[in-house]
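Listed here are the chains, written in short residue letters.
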Amino acid sequence: MGRHLLNVPGVRVKRILIPQTIPTRRLFLSESDRGTSYGTYIAVQNELVGAYSVLRNRLSKKLYGRSFDELSKDSDNDPNNESLKAKVDDIKKKYPQIISEAEPFK
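Residues numbered from 1 in each chain as written. Predicted model: local features only at pLDDT ≥ 70, side-chain atom pairs only at ≥ 80, totals over all residues. Heavy atoms only, no water.

1. A short note on the packing of helix H2 (residues 68-77) against helix H3 (residues 82-94)
The test is simple: In this description, a line fitted to the C-alpha atoms serves as the axis of each element, helices being fitted only across the stretch in contact, and the angle between N-to-C directions of two axes falls anywhere from 0 to 180 degrees. Under the scheme used here, helices are H or I runs from DSSP no shorter than 4 residues and strands are E runs no shorter than 2 residues, and both carry numbers assigned from the N terminus. Angle categories are assigned with fixed cut-offs, so that under 35 degrees is roughly parallel, over 145 is roughly antiparallel, 65 to 115 is roughly perpendicular, and the rest are oblique. Less than a right angle of anticlockwise turn of the near helix away from the far helix marks a crossing as left-handed, whereas a clockwise turn marks it as right-handed. A contact between two residues is defined here by any heavy atoms of the two lying within 4.5 Å.
For the pair H2 and H3, interaxial distance at closest approach is 9 Å and the crossing angle is 135°. Here H3 runs oblique to H2, going by the angle between their axes. In the packing of H2 onto H3, the handedness of the crossing is left-handed. Together, Phe68, Leu71, Ser72, Asp74 and Ser75 of H2 and Leu84, Lys85, Lys87, Val88, Ile91 and Lys92 of H3 make up the contact between the two elements.

Given below as structure tokens:
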């Protein structure tokens, strides 16, 4: 179904492709054991969010010549700019941030 992405004691993260959708549609499933520290849990969540940022920036540069972070910041600063908003929405649609947390194991 998915493959393990991180090698962190007490934490399992899997990337699961969602069938019958665009190829970039993925679900990241995070599982941790009950003994996992809060700091480790937060570090894993930050890594997952960072992975989406890398993917979105890469695609945005390829499509629009600018990083997603730049487009998003400019869109926030100029909320009436429909062109920027459309580009940001396009990238978010192609790489929606989907992180699911399973019940702790052990």
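2. Focus on the nonpolar core
Heads up, the rule is: What is meant by a nonpolar core is a set of buried Ala, Val, Leu, Ile, Met, Phe, Trp, Tyr and Cys residues, joined one to another through side-chain atoms within 4.5 Å. Note on exposure labels: buried denotes an accessible area under 20% of the residue type's maximum, exposed denotes more than 50%, and partly exposed covers the range between, all computed with a 1.4 Å probe on protein chains only.
Among the nonpolar cores identified, the biggest contains seven residues, and these are Leu59, Phe68, Leu71, Leu84, Val88, Ile91 and Tyr95. Those elements that place two or more of their residues in this core are H2 and H3. Per-element accounting of this core gives the leading share, three residues, to H3. Contact partners of leucine 71, with chain neighbours within four places excluded, come to Ser60, Tyr64, Arg66, Leu84, Lys87 and Val88.

3. Looking at helix H1 (residues 38-64)
Spelled out, the test is: Multiplying one less than the number of residues by 1.5 Å gives the expected span of a helix.
With 27 residues, H1 should cover 39 Å at 1.5 Å per step; its first-to-last C-alpha distance of 38 Å lies within 8% of that length. Following H1 by one or two positions, glycine 65 adopts a phi angle in the positive range, close to 75°.

4. Quick look at the packing of H1 against H3
Our working definition: Lys, Arg, Asp and Glu make up the charged group, whereas Ala, Val, Leu, Ile, Met, Phe, Trp, Tyr, Cys and Pro make up the nonpolar group; the residues left over, Gly among them, are polar.
Between H1 and H3, the least distance of the axes is 10 Å, while the angle of their chain directions is 130°. Considering the angle they form, H1 stands oblique to H3. You can see that H1 and H3 cross each other, and the crossing is right-handed. Facing H1, whose interface residues are Arg56, Leu59, Ser60, Leu63 and Tyr64, H3 presents Lys87, Asp90, Ile91, Lys92 and Lys94. For the contact of H1 with H3, the residue count by class is four nonpolar, one polar and five charged.

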